[in-house]
Number of protein chains: 2
Amino acid sequence: MMNTATRQKIVMTALEMFFVKGYNSTSIADILSRSQVHSGSLYHFFPGKQDLLVAVLEFYRDGIKENLLDIAWGQVDDPIEKIFALLGGYRTGLLMSDFAHGCPIGNLALELSEPDPRIRDLIQLNFENWIEAVEHCLDEAANRLPGDTDRHALAEFILTTMEGAIMQARTARDIGVFDRNVAVLRSHIDILTEKASAHT
Amino acid sequence: MMNTATRQKIVMTALEMFFVKGYNSTSIADILSRSQVHSGSLYHFFPGKQDLLVAVLEFYRDGIKENLLDIAWGQVDDPIEKIFALLGGYRTGLLMSDFAHGCPIGNLALELSEPDPRIRDLIQLNFENWIEAVEHCLDEAANRLPGDTDRHALAEFILTTMEGAIMQARTARDIGVFDRNVAVLRSHIDILTEKASAHT
DNA sequence: GCAGAAGTTGATTGATCAATCAAGAGAAAA
DNA sequence: TTTTCTCTTGATTGATCAATCAACTTCTGC
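Glancing now at the packing of aromatic side chains. One pass over the structure, following the stated rule, counts seven aromatic pairs over all chains. For the pair F157 of chain A and F157 of chain B, a centre-to-centre distance of 5.7 Å together with 65° between the ring planes defines the contact as edge-to-face. Within this pair, whereas F157 of chain A is found in helix α8 (residues 151–172), its partner F157 of chain B is found in helix α8 (residues 151–172), the two belonging to separate chains. Both residues of the pair, F157 of chain A and F157 of chain B, count as buried. A cation over an aromatic ring shows up here: K82 of chain A above the ring of W73 of chain A, its NZ or CZ 4.9 Å from the ring centre.

Here is the structure:
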């Protein structure tokens, strides 16, 4: 796959606009005017709007480590604190954007009810990568959790908490909802670690 | 507010289409052809598309008890089981619609990032009513929970779990994700009730 | 029965949408 | 230099969008 400067500019612009305004509400004309590119160039690289979304999701998938995990985990070593640092990254995103940025993938997941299979698979893959990263943290902390803990299910549940907490915080425009949700999750994980340490 | 047969037919059709296809992806023409109503009649009752959405959200708000809670709780007395019966209702909706129906309000909440204040307030109100209903269940079961339980925060967390679980289940088209999420929530609440009973 | 209000019809409007395409510029290979 | 391929330009297309409106019918109060 070629990657000229123009192509990259289009993908970066589309990424931001799809994630803030949503896919359907972002017009090709929006992307063209924002990125200072003409329609012919866009359609030279992408057969249609859907293919542009595919490129955006592939770009996001390939950048999850550098652009999300490494930033959130720069200062953190403890695997369980890494999980909450990740959630804290989304908290910061909410506050800094005045609740405009939530979870890019979550927005698309609900907006595109009957999407192109390529798109559904990429959304699913982005979820799976996120879950896998959290699950890896839980694996690192396995000795602090009860032996029968289903760590994959717990990682899925942490994604669930993040997505639901963002949804409610954005609607209420109140970070308190987000914080209370994370606090309940924290208490659940605290209980698990206490249980595990009591059994040793 | 008047409520002719035509007006109601429009609201019911819009309700279903907004909730399945989303607001932006549902055109007025879609609603007109499905409801067998002509555009002049629609615009006689509603100044614009946004006002139709307002009417839909008001209708949903007013019907939450009869159309959601009473149905889910018909056979259930135990307050904690009522909560899981409510979640089971969404599970059934997912399965029966082949993952087309999720949570109507959740979809709109993420789709409309910068909505009309009336619309944002109505979405928020629908969330609050749902949380309040769950919180009332928790209040009924207060003696089975630890004394320091923040029941409002826990009710918010249950909404979070429901929304996040639906999002993931729809994306994966797999009810297993939903079930695992609910199982983790169930284990959390079980731990709380065990804790409370140990202290008496 | 009559007048005015409420509701209906459906062709039509202008805006905006995604997408097209012919013409040409620029770079690279021969 | 000539040829070939990649990339850019921007006017244009037809489809679809939300919304309008004047003419018409039905209902309601008197």
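Next comes the rest of the write-up.
Residues and elements named next belong to chain B. Under the defined criterion, the tally for this structure stands at zero disulfides over all chains. With no disulfide of its own, C137 has C103 as its nearest cysteine by sulfur position, at a separation of 17 Å. Take C137: its relative accessible area is 1%, and that puts it in the buried class.

In screw terms, the move from chain A to chain B is a rotation of 180° and a rise of 0.0 Å along the axis, fitting with an RMSD of 0.1 Å. These values place the two chain copies in the arrangement generated by a two-fold rotation axis. Closest approach to the rotation axis among the C-alpha atoms of chain A is made by G164 of chain A, whose C-alpha sits 2.5 Å away. Comparing contact sets, 100% of the residues at the interface of chain A also lie at the interface in chain B, consistent with an isologous, same-surface contact.

Before going further, it helps to spend a moment on the packing of helix α5 (residues 79–96) of chain B against helix α9 (residues 175–198) of chain B. All names here are of chain B. Where α5 meets α9, the axes come as close as 11 Å, and the angle between the chain directions of the two elements is 175°. In terms of axis orientation, α5 runs roughly antiparallel to α9. Contact residues: α5 offers I80, E81, F84, L87, R91, L94 and L95, while α9 offers I175, F178, D179, V182, L185, R186, I189 and T193. Considering only residue class, the contact of α5 with α9 consists of ten nonpolar, one polar and four charged.

With respect to spatial proximity, 18 residues lie near DNA strand C, and among them I28, S39 and K49 of chain A together with T6 and H38 of chain B are the closest. In the interface set of DNA strand C, defined as its atoms within 4 Å of the protein, sugar plus phosphate atoms amount to 61%. With respect to DNA strand C, the backbone of I28 of chain A contributes an N or O atom lying 2.7 Å from a phosphate oxygen. Within the backbone of G40 of chain B, an N or O atom sits 2.8 Å from a base oxygen of DNA strand C. Contributions of two or more residues to the surface near DNA strand C are made by α2 (28–35) and α3 (39–45) of chain A together with α3 (39–45) of chain B. Considering each element in turn, the surface near DNA strand C owes the most residues, five residues, to α3 of chain B. The residue inventory of the surface near DNA strand C, partitioned by class, reads five nonpolar, twelve polar and one charged.

With phi around 50°, R173 of chain A is a residue other than glycine that occupies positive phi space. The topology assignment puts R173 of chain A in the loop between α8 and α9 (175–198). Despite not being glycine, Q36 of chain B has its phi angle at roughly 55°, a positive value. With respect to the helices and strands, the residue Q36 of chain B is situated in the loop between α2 (28–35) and α3. The exposure class of Q36 of chain B is exposed, given its relative accessible area of 67%.

The subject of this paragraph is the nonpolar core. Core analysis: the biggest nonpolar cluster contains 144 residues, and W130 of chain A together with W130 of chain B have the highest contact counts within it. In contact with W130 of chain B, not counting residues within four places along its chain, are I64, L68, L86, L87, Y90, I158, L159 and M162 of chain B.

Attention now goes to the interface of chain A and chain B. Counting residues at the interface gives 39 residues for chain A, matched by 39 residues for chain B. For chain A, the biggest contributors to the area lost against chain B are L110, M167 and T171 of chain A; these three give 18% of the whole. Viewed at the interface, chain B and chain A are joined by two salt bridges. Residues R180 of chain A and E156 of chain B are paired through a salt bridge, measuring 2.8 Å at the closest nitrogen-oxygen approach. Scanning the region where chain A abuts chain B turns up 13 residue pairs in polar contact (both at pLDDT 80 or more). For the side of chain A that touches chain B, the secondary structure elements donating two or more residues are α1 (5–21), α6 (104–111), α7 (117–140), α8 and α9 of chain A. When residues of the side of chain A that touches chain B are assigned to their parent elements, the largest contribution, 15 residues, is made by α8 of chain A. Grouping the amino acids of the side of chain A that touches chain B by side-chain chemistry returns 17 nonpolar, 14 polar and eight charged.

Definitions and limits used
Residues numbered from 1 in each chain as written. Chains lettered and ligands numbered in written order. Predicted model: local features only at pLDDT ≥ 70, side-chain atom pairs only at ≥ 80, totals over all residues. Heavy atoms only, no water. Phe/Tyr/Trp six-rings, centres within 6.5 Å; stacked < 30°, edge-to-face > 60°. Helix = DSSP H or I, 4+ residues; strand = E, 2+ residues; numbered from the N terminus. Buried < 20%, exposed > 50% of the residue type's maximum accessible area, 1.4 Å probe, protein only. Lys NZ or Arg CZ within 6 Å of the ring centre and 35° of its normal. Disulfide = S-S within 2.5 Å. Least-squares fit on C-alpha atoms with pLDDT ≥ 70 in both. Contact = heavy atoms within 4.5 Å. Axes fitted to C-alpha atoms, helices over the stretch in contact; angles between N-to-C directions. Parallel < 35°, antiparallel > 145°, perpendicular 65-115°, else oblique. Nonpolar A, V, L, I, M, F, W, Y, C, P; charged D, E, K, R; others polar. Near = heavy atom within 4 Å. Polar contact = N/O pair within 3.5 Å; in protein donor to acceptor, adjacent residues only side chain to side chain. Core = buried A, V, L, I, M, F, W, Y, C linked by side-chain atoms within 4.5 Å. Buried area = accessible area lost by both parts, 1.4 Å probe. Salt bridge = Lys/Arg side-chain N within 4 Å of Asp/Glu carboxyl O.

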